[in-house]
Amino acid sequence: SNPMDWQDTLREIAPPPAEVRELPGAAERAAAEAALKVRLPRDYLAFAEAWGPAYVGQFFHVFAPVPGRNGLVEKARGVTEALSTLKAHHPQRYTAPVFPEAGKFLAWGWTDNADYLGWMVTGTDPEEWPVTIWGEEDGAPEVFEGTNFGALLAGIVTGSIRPAAFPADLWDELPLTIEAPASERSAD
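These numbers come from a predicted model, not from an experiment. (Residues numbered from 1 in each chain as written. Predicted model: local features only at pLDDT ≥ 70, side-chain atom pairs only at ≥ 80, totals over all residues. Heavy atoms only, no water.)

Digging into the packing of helix 1 (residues 5-13) against helix 5 (residues 149-158)
- Axis separation between helix 1 and helix 5 bottoms out at 9 Å; the angle between their running directions is 35°. The handedness of the crossing between helix 1 and helix 5 comes out as left-handed. Packed against helix 1, whose contacting residues are Trp6, Thr9, Leu10 and Ile13, the element helix 5 presents Gly150, Ala151, Leu153, Ala154, Val157 and Thr158 at the interface. (Axes fitted to C-alpha atoms, helices over the stretch in contact; angles between N-to-C directions. Helix = DSSP H or I, 4+ residues; strand = E, 2+ residues; numbered from the N terminus. Left-handed = near helix turned anticlockwise from the far one by under 90°. Contact = heavy atoms within 4.5 Å.)

Quick look at the environment of Asp8
- Summarising the element assignment, Asp8 is placed in helix 1.
- Considering only alpha carbons, one finds Asp8 and Ala154, 146 residues apart in sequence, at a separation of 9.5 Å.

Examining the packing of aromatic side chains
- One pass over the structure, following the stated rule, counts 13 aromatic pairs.
- Note on Phe47 and Trp51: the rings are 4.8 Å apart at their centroids and 10° apart in plane angle, and the pair reads as stacked. Taken as a pair, Phe47 and Trp51 lie in helix 3 (residues 42-51) at a separation of four residues, close to a single helical turn.
- We classify Trp51 as buried; its relative accessible area is 0%.
- Between the aromatic rings of Trp108 and Phe149, the centroid separation amounts to 4.7 Å while the plane-to-plane angle is 80°, which identifies the pairing as edge-to-face. In this pair, Trp108 is assigned in strand 3 (residues 104-111) and Phe149 in helix 5, connecting sequence segments 41 residues apart.
- On the basis of relative accessible area, Trp108 is assigned to the buried category, the value being 0%. (Phe/Tyr/Trp six-rings, centres within 6.5 Å; stacked < 30°, edge-to-face > 60°. Buried < 20%, exposed > 50% of the residue type's maximum accessible area, 1.4 Å probe, protein only.)

Printed below as a string of C-alpha cells:
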C-alpha cells in the first residue's frame, strides 16, 4: 500500500483544523533539521505542514517544526533532558539511548500523562525510523518496528493501534479528534 495512505484516512475522519495559525514551511523545516542535525521523516513533515501542532484525542500533542518554545526543537530537547535525568538516576531501569546518542529516542510528541512519542533514530534514512512510545512508568519504550509516524497516527485515531502506555478508555469513542492545541486556537 502507498505509505501516504494514512493522509487520506486522516483527511477523511480528522481533517486539519480550520484555525491553525502556525504551519511550518520550508524555512522552518530546514531550521529544525539543522538544529537537530537530522533529516525529518516525510510523513511527519507532511502532517505538520497540513495540521500544524496538533492535539489528538484530547490526550496527546504532536509537536511541529516551528520556531519558539512550542516547536519541535525546544520540546524534543526538553524531553531529552527529562529522559537523561531519569537515566542518570535509574540506570538499570532506563536503558534505551536518548537523542543525540546513536540509535536514540527523538521525541515528536507527548501525552497529558507524561508519556513521550517519538522515533528510534536508527541509521541515516528517516523513512526507516520506527515510531516509539515511551510510557512515563516504563523503563523501556514500546517500539513499533516497521511502523512510521503516519501509520501510527492513523492507527491510533482509528483505534487499530493501541499503545500499551495509553489508557484503554481513550478509544471509547472513535475516531479520535485532531484539534489545534489550546494555545493555538484563536482568542475569540
